[in-house]
Amino acid sequence: MTIVGERFRRTDGEPKARGEAIFGVDYLPQGTIHAVLLRSPVPSGRIVGLDVSAAKAMPGVRAVISAADVPDTRAGWVLREQPLFARDRVRYEGEPVAGIAADTLEQAREARDTIRLEIEETPAVVDLDYALSEDSPVLHPEWESYVPTLGEYPRGRNVAAECISDPEGVEEAFEAAERIIEDEYRVQRQYQAYIEPKGAVAIYQGGRYEVHTAHQFPFNVRDRIAQYLDIRPSQVRVIGHTIGGGFGAKLDASIEPHACALSRAAGGLPVKIVNTRTEDMITCPSREDAITRIRTGLDKDGNMIARELVVIAGNGAYSGEMPWLASIALHCARGVYRAGPTRVKSFLVYTNTAPTGAFRGVNGVYLYHAVERHMDHIASVLGRDRREYRLQHLFEPGEVLLNDQVLDDAGILGEAFDAVEEAAPWEERLAATAGPMKGVAIGAAWWVTNPMPGTATVKLNEDGTIGVITAATDNGSGAVNLGITQIVAEKLGVQPEDVYVTMPDTDAAGFDAGSQGSRTTRIVGKAASIASDEVIGKIKQTASELLEAAPSDIVIADGKVFVAGSPDSGLTLGDVAMAATWSVGPIQGTGSFLTPFPDFNPGCATGLMFPSFPTPTYHVHLAEVEVDPVTGAVKVTRYVVAQEVGKVISPNGVYGQVSGGVTQGIGYALYESLRIGEDGRYQERNLENYRLPLAVDIPRVEFSPLEHPDPDGPFGAKGVGENSVLLGAAVIANAVVDAIGVPIDRLPITPEVVLKAIAAKHSAAVA
Amino acid sequence: MSSGISFAVNGRGVTAQIDGAATLLDVIRNDLGLTGTKEGCTEGECGACTVLIDGKPVHSCIYPAVSVDGHSVVTIEGISDGETGRAVQEAFWDAGGIQCGFCTPGFIVTVAALLENNPAPSEDEVRIALAGNICRCTGYSQILDAVEVVVSGKERA
Ligand code: FES
Ligand code: FES
């Protein structure tokens, strides 16, 4: 292979480096007018008055709309519960109440200021335990009338979804235990904080909506707009633009449906909406806040023989895709360690806060944080070495999981521990961090590669270059501009710079399930690989006639087509393309692909919406930290990753994903805090107080890729992009605890948290 | 209140009639149509809007446009006119220092300014110089690699 596995430059890199790339927020067609949303200033209340008449009379105003002007529908990915504009109740701060479009942004803002909105505030439900209790107000009194989009699932009152697995033998195992170790961990929300805020342009024309947005999942936007506006999906065309980051937050529609409704109300003028940073932050589908309660029973030798995990996670006011993810707790309840019979209860609860959503490593980051913190706690109680205790309980090849999924390849975990051991020998690192205020920790994980479907059409252009038509999106990861590009280039014997991949367009390309769960390189790469095979067959057929040889003797390499053994007497790909075009017709092929879910036992749990983990990958991370006892600041001094990738398609791309994901994990562990106040409002409201990791904070990540090619993946590829975020909170928290000798059971571990823990230790020592 | 200002952008003279409240970023993106400079936060925090004023990097989203009167501004579009700027652009692309690319113009402008003043910074100096620029995608490693490539004048292994 000459292209796959080699270091290439991403095909969209030059315009990005030169400032020529047009991102979603840069897109501005002729005649565009600008819109803003009036959003609820309070987290919970009844709308008792809304008067937009003054706004309509303001200069430059083209349209003012609210619930009264749009179909009385509810929309949602998993549950149809959310109105386009709040109708009589507001359920979170920032919920859209009205939309205003005007010739200029300033005019739209000035008009918004004249709208009289009267809300009778009602107490906000904020605390997760309280939301679950019978005493709390119900956010959606009409919840039973909401229509699920993919079949009914367990929900009720303030429970947006639940997944419960309570197999036989758990109680008995706990009763037989010599001792029981219990922990509770609490985590805040995390904001995806892509640098390009959300924005969109919508144009209503000829009875259809054309939507321009920089989005991870254009087909999802199409479907959501159709739900809100009560039209069929094909009346919406979504065209993708260069994306300034997403990390899961740009998987569902946000302001696109509002822009559509405003364009229609403004007579079809293009309407542009761009979030301000504060708007973006307080309404973003952030990573959910959660409480995790974990218990383990130990036998007299210290072996884990019983486990219980209870998770209560914040759904916010509406569900998005969250119900689908509640069952991930079942797949991560033991991490990658045997723990005996296991009970799992996962509750997703409504609160009067912005709807939460997908963020890289959905649910996994705080589940692994809980499991791995708990493992260190158990090892310390037993006086056992933390690494050795993990290895003793590590999943083995053929491991049967709680849902009866079988992990034939779980032996890769052992290899990953070995790879980290080679880079950073445990005994040596223990010695190196033995001094005060230094710490080290290790942890492990497994994860899914998103299996959802995708498709690609590959065509041979008449000049011998290759076109790929797909709705796959490159959110920055390189999955399209390195991954799919290198796969197609390898297949067809051309250079990556001669492969042109279209931007997504829901009219032009088949369904694609979006850039999520590391699926694009694997799923769409495979679809493009299948399509390339069809193209190869047609090239060989045409060339065999031109070269008077059997198709099986035709070789395609380096842009040439020749008879095996005589590379100098061949044709160019362009010659073949032209010949085919004017004889049998243009050469192109199509491919589609998805990964089936591995077998599982549907009776193992209720609410098992994410039933098993297709194309699993395995991960071991090690972190070292230094704590400043005066300031409380934690410095990550070393970070080592061993990760199963299937096959490295693009070394630049893979390392970039690992480094970026680890950095988001470090941010989650140490800095990033999106706290919900008692009043239901976020306390951090801009990037000044929402602290993101900077270049001064992050060590260079040491990385060992492990390659066990997957027979179904393109050249063996599995998912790579998402996973590196999974263990940052786990290993950094454990390393900090190792450094200061005091447990810390919440995230993020800010300097204040560290100082408080150190002070508590000292006062305990004095007392 | 509007006032007239004259300044240079990427080596060309510009006179503009601007609103007193306008930021330099407004003028660059909206009046001059130079959209390579990005708007990420409008709070002076992310660095996506970084441009050079008389060779020094500033966050143009919080810089009053009136203050640029009589000065010289270089944006990402003008960076490739200089040898250092071109080398930095090339190195970012080559080393994988670009993912989504939204932060990239700000980083490249900042690095080009750093290397004009200090052609051989240590890695710590580079990290500190980048403290006003946030990249959410890369984790900074390949950005540091890119700077190293320019400093050493060598291809990355
Ligand atoms: S846009 Fe200026 S610092 Fe973010
Ligand atoms: S490359 Fe996306 S923010 Fe830096």
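It should be emphasised that the depicted structure is a prediction, and the values quoted were computed from it without experimental measurement.

> Please clarify how the confidence of the model for chain B should be interpreted in this entry.
Close inspection of predicted coordinates is inappropriate for parts of the model with low pLDDT. When pLDDT is averaged across chain B, the result is 95; 97% of the residues are at 70 or more. Among the prediction metrics, the complex's ipTM stands at 0.97, with pTM recorded as 0.97.

> Can you walk me through empty space enclosed by the protein in this structure?
Over the atoms, a rolled probe matching the size of one water molecule traces out where space is still vacant. A complete count under the given rule lists 7 cavities of 30 Å³ or more for this structure. Estimated volume of the largest cavity: approximately 480 Å³. Breaking the lining of the largest cavity down by element, the ones donating at least two residues are β1 (33–39) and α6 (218–229) of chain A. Residues belonging to the lining of the largest cavity are distributed by class as follows: 18 nonpolar, 11 polar and 6 charged. Here the lining of the largest cavity spans two domains, and each of domain 1 (24–122 + 198–274) and domain 2 (290–450 + 600–766) of chain A adds at least three residues to it. Of the pockets and cavities examined, the second largest cavity occupies roughly 90 Å³. Taken together, 14 residues make up the lining of the second largest cavity; nearest its centre are A:Arg10, A:Leu482, A:Asn652, B:Gly96 and B:Ile98. Each residue belonging to the lining of the second largest cavity can be placed in one class, and the counts come to 4 nonpolar, 9 polar and 1 charged.

> Explain the interface of chain B and chain A here, please?
A common way to state how big an interface is: give the accessible area lost once the parts meet. Contacts between the two partners involve 47 residues from chain B, matched on the other side by 55 residues from chain A. Between chain B and chain A the total buried area reaches about 4000 Å² when both faces are included, carbon and sulfur atoms providing 52% of it. Our enumeration of links across chain B and chain A arrives at 9 salt bridges. Between A:Arg700 and B:Asp145 there is a salt bridge, with its nearest N and O atoms 2.2 Å apart. Along the contact surface separating chain B from chain A lie 26 residue pairs in polar contact (both at pLDDT 80 or more). Taken together, the elements giving at least two residues each to the side of chain B that touches chain A come down to α2 (76–79), α3 (83–95), α4 (104–117), α5 (123–129) and α6 (141–152) of chain B. Of the residues contributing to the side of chain B that touches chain A, the split by class is 19 nonpolar, 14 polar and 14 charged.

> Explain the packing of helix α18 (residues 651–670) of chain A against helix α19 (residues 728–740) of chain A here, please?
How two helices sit against one another is set out by the angle between their axes and by the gap between those axes. All names here are of chain A. Where α18 meets α19, the closest approach of the two axes is 8 Å, and the angle between their N-to-C directions is 50 degrees. By the angle between their directions, the pair α18 and α19 is classed as oblique. In this structure, α18 meets α19 at a crossing whose hand is right-handed. Of the residues in α19, those touching α18 at Gly665, Ile666, Tyr668, Ala669 and Leu670 are Gly728, Ala729 and Ile732. Taken together, the residues that form the contact of α18 with α19 break down as 6 nonpolar, 2 polar and no charged.

> Explain the environment of B:Cys135 to me, please; I cannot follow it from the model alone.
Residue and element names in this part refer to chain B. Along the chain, the position of cysteine 135 falls in the loop between α5 and α6. By relative accessible area, which is 5% here, cysteine 135 ends up buried. Taking the C-alpha atoms as reference points, cysteine 135 and threonine 104, separated by 31 residues in sequence, lie 8.2 Å from one another. Apart from residues lying up to four places away in sequence, cysteine 135 is in contact with Cys103, Phe107, Tyr140 and Ile143.

> Hey, could you run me through the packing of aromatic side chains in this one?
Two aromatic rings, taken as a pair, are described by how far apart their centres are and by the angle between their planes. Residues and elements named next belong to chain A. The final tally for this structure, using the stated rule, is 15 aromatic pairs over all chains. Look at phenylalanine 217 and phenylalanine 511: their rings are 6.1 Å apart centre to centre, the planes differ by 70 degrees, and that puts the pair in the edge-to-face class. Here phenylalanine 217, found in the loop between β12 (208–213) and α6, pairs with phenylalanine 511, found in the loop between β23 (499–501) and α16 (520–547); they are 294 residues apart in sequence, far enough to count as distant. Residue classification places phenylalanine 217 among the buried residues on the basis of a relative accessible area of 3%. A centroid spacing of 5.7 Å and a plane angle of 70 degrees characterise the contact between phenylalanine 610 and phenylalanine 613, whose relative ring orientation is edge-to-face. Neither residue differs from the other here; phenylalanine 610 and phenylalanine 613 are each classed as buried. Each residue in the set Trp324, Trp446, Trp447, Phe597, Phe610 and Phe613 is aromatic and connected to the rest through ring pairs, giving one cluster. The side chain of arginine 287 reaches across the aromatic face of tyrosine 668, ending 5.1 Å from its centre.

> What should I look at first to understand the sheet that holds strand β26 (residues 571–572) of chain A in this one?
Strand pairing in a sheet is mediated by backbone hydrogen bonds. Such pairs are either parallel or antiparallel. All names here are of chain A. Here we have 3 strands laid out as an open sheet, ordered β24-β25-β26, and antiparallel in their pairing. Whereas interior strands pair on both sides, the edge strands pair on one side only; in this sheet they are β24 (554–557) and β26. Along the sheet, α16 contacts β24, β25 (560–563) and β26; its crossing angle with β24, the most-contacted strand, is approximately 120 degrees.

> Mind showing me how you'd approach the pattern of salt bridges here?
Side-chain pairs of opposite charge can arise where the charged atoms are in close proximity. The final tally for this structure, using the stated rule, is 59 salt bridges over all chains. Where A:Arg9 meets B:Asp94, a salt bridge forms, and the shortest distance between an N and an O atom there is 4.0 Å. In this pair, A:Arg9 is assigned in the segment before α1 (13–18) and B:Asp94 in helix α3, connecting two distinct chains. Looking at A:Arg9, the relative accessible area reads 29%, which means it is partly exposed. When its relative accessible area of 14% is taken as the criterion, B:Asp94 is described as buried. Its salt-bridge partner being A:Asp679, residue A:Arg681 comes within 3.3 Å of it at the nearest N-O pair. Judged by its relative accessible area of 26%, A:Arg681 falls in the partly exposed class.

> What is the right way to read unusual backbone geometry from this model?
Peptide bonds are mostly trans, and most non-glycine residues show a negative phi. All names here are of chain A. Along the chain, leucine 747 connects to proline 748 via a cis peptide bond; the corresponding omega equals -5 degrees. At aspartate 404, a residue that is not glycine, the phi angle is positive and equals roughly 70 degrees. Position of aspartate 404 relative to the elements: it lies in the loop between β18 (399–400) and β19 (406–407).

> Can you walk me through the packing of α16(A) against helix α17 (residues 573–581) of chain A in this structure?
Residues and elements named next belong to chain A. The geometry of α16 relative to α17 is characterised by a closest axis approach of 10 Å and an angle of 90 degrees between their N-to-C directions. Classed by the angle they form, the pair α16 and α17 counts as roughly perpendicular. Of the residues in α17, those touching α16 at Ile539, Thr542, Ala543 and Leu546 are Leu573, Val576, Ala579 and Ala580. A class-by-class count of the residues in the contact of α16 with α17 yields 7 nonpolar, 1 polar and no charged.

> What is the right way to look at the sheet that holds strand β3 (residues 50–53) of chain B in this model?
Residues and elements named next belong to chain B. Here we have 5 strands laid out as an open sheet, ordered β2-β1-β5-β3-β4, and mixed in their pairing. Both outer strands of the open sheet, β2 (12–19) and β4 (56–59), are each paired with one neighbouring strand and no more. Along the sheet, successive strands turn relative to each other by an average axial angle of 40 degrees, direction set aside. Where β3 meets β4, 4 bridges bridge the pair, whose relative direction is antiparallel. The residue bridging isoleucine 53 from the neighbouring strand is lysine 56, located in β4. Its contacts with the sheet place helix α1 (residues 24–31) against β1 (2–9), β2, β3 and β5 (72–74), and it is angled at close to 105 degrees to β3. Sitting on the sheet, α4 is in contact with β3 and β4, with an inclination near 35 degrees to β3.

> Please clarify how the nonpolar core should be interpreted in this entry.
Generally speaking, nonpolar side chains in soluble globular proteins are found buried as a group. All names here are of chain A. Residues Tyr639, Ile732 and Ile740 are the most contacted members of the largest nonpolar core, which totals 195 residues. For this core, the element with the most residues is α19, which contributes 10 residues. Ranked by size, the runner-up nonpolar core spans 34 residues in total, among them Ala456, Ala531, Leu571 and Leu573.

> What is the right way to look at the pairing of strand β11 (residues 199–205) of chain A in this model?
Looking along a regular strand, one sees side chains alternate from face to face of the sheet. Residue and element names in this part refer to chain A. Along β11, 5 of the 7 residues are buried, which leaves the element largely enclosed by surrounding structure. Pairing between β11 and strand β14 (residues 271–274): 4 bridges, direction antiparallel. Bridged to alanine 200 within β14 is isoleucine 273. Alignment of β11 against β12, held across 6 bridges, turns out to be antiparallel. Residue alanine 200 lies in a different strand from β12, and its bridge partner there is threonine 213. Here β11 hands over to β12 after 2 residues, with glycine 206 in that stretch at a positive phi of 60 degrees.

> Which parts of the structure should I look at to understand the pairing of strand β21 (residues 454–460) of chain A?
All names here are of chain A. Within β21, 6 of the 7 residues are buried, which leaves it mostly tucked inside the rest of the structure. With 6 bridges joining them, β21 and strand β27 (residues 588–593) adopt antiparallel strand pairing. The residue of β27 that forms the bridge with alanine 456 is glycine 591. Bridging between β21 and strand β22 (residues 466–469) involves 4 bridges; their strand directions are antiparallel. Bridging across to β22, lysine 459 finds its partner in glycine 467. Remark: 5 residues form the turn of the hairpin made by β21 and β22, two consecutive strands paired antiparallel; glycine 464 in that turn has positive phi of roughly 85 degrees.

The rules behind the values
Residues numbered from 1 in each chain as written. Chains lettered and ligands numbered in written order. Predicted model: local features only at pLDDT ≥ 70, side-chain atom pairs only at ≥ 80, totals over all residues. Heavy atoms only, no water. pLDDT = per-residue confidence, 0-100. 1 Å grid on protein atoms, 1.4 Å probe; cavity = no way out; pocket = protein on both sides within 12 Å on 5 of 7 lines; lining within 4 Å. Points joined across faces, edges and corners; volume = space filled by probe spheres on them. Helix = DSSP H or I, 4+ residues; strand = E, 2+ residues; numbered from the N terminus. Nonpolar A, V, L, I, M, F, W, Y, C, P; charged D, E, K, R; others polar. Domains from an automatic or database assignment. Contact = heavy atoms within 4.5 Å. Buried area = accessible area lost by both parts, 1.4 Å probe. Salt bridge = Lys/Arg side-chain N within 4 Å of Asp/Glu carboxyl O. Polar contact = N/O pair within 3.5 Å; in protein donor to acceptor, adjacent residues only side chain to side chain. Axes fitted to C-alpha atoms, helices over the stretch in contact; angles between N-to-C directions. Parallel < 35°, antiparallel > 145°, perpendicular 65-115°, else oblique. Left-handed = near helix turned anticlockwise from the far one by under 90°. Buried < 20%, exposed > 50% of the residue type's maximum accessible area, 1.4 Å probe, protein only. Phe/Tyr/Trp six-rings, centres within 6.5 Å; stacked < 30°, edge-to-face > 60°. Lys NZ or Arg CZ within 6 Å of the ring centre and 35° of its normal. Pairing = 2+ DSSP bridges. Core = buried A, V, L, I, M, F, W, Y, C linked by side-chain atoms within 4.5 Å.

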